[in-house]
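Okay, here's what each chain looks like letter by letter:
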Amino acid sequence: MPRRNRPSRSRKKAHAERPLASGWGTTESGTDGDWIVRNVPGSGAAKLYRCPGCDHEIRPGTPHIVAWPADSTGSVTERRHWHSGCWRARDRREPPRGW
């Protein structure tokens, strides 16, 4: 049986409604202020970063979150790369030692 190359109609519709992961981001409010948050897919993560939530490395190819204060312009000095779980738990944990 030959392979079907075209996606079904239902699949096209679901893809169109899904937000782009590489967009500017969304605004989130927390006890630590307002943040602009952007999801970085694994394919877009090309560098090594250190998560401020757990102080562990975020290796290339690992999906993660980039966040910066909403009142900032998003300059390189203000942006922080977080593991997704660390970002969600930031209100429930203490900062790592040495911060």
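Our subject is the structure that appears above.
This text gives an overview of the structure that appears in the document. The model shown is predicted, which means the values in this text are computed figures rather than measured ones.

Description of the pairing of strand S2 (residues 33–40)
In this sheet, S2 lies alongside strand S1 (residues 26–30) in antiparallel orientation, the contact comprising five bridges. Its bridge partner lying in S2, Thr27 is registered against Ile36. Connecting the antiparallel pair S1 and S2 is a turn made up of two residues.

A look at the nonpolar core
Membership of the largest hydrophobic core is limited to ten residues, which are Trp35, Val37, Cys51, Cys54, Ile58, Ile65, Ala67, Trp82, Cys86 and Trp87. When contributions to this core are tallied by element, the ones reaching two or more residues are S2, strand S5 (64–69) and helix H2 (84–88). Setting aside residues up to four positions removed in sequence, Trp87 forms contacts with Glu28, Trp35, Val37, Ile65, Ala67 and Trp82. Judged by nonpolar contacts, the second largest core, of five residues, contains Ile36, Val40, Val66 and Trp68.

Cut-offs applied
Residues numbered from 1 in each chain as written. Predicted model: local features only at pLDDT ≥ 70, side-chain atom pairs only at ≥ 80, totals over all residues. Heavy atoms only, no water. Pairing = 2+ DSSP bridges. Helix = DSSP H or I, 4+ residues; strand = E, 2+ residues; numbered from the N terminus. Core = buried A, V, L, I, M, F, W, Y, C linked by side-chain atoms within 4.5 Å. Buried < 20%, exposed > 50% of the residue type's maximum accessible area, 1.4 Å probe, protein only. Contact = heavy atoms within 4.5 Å.

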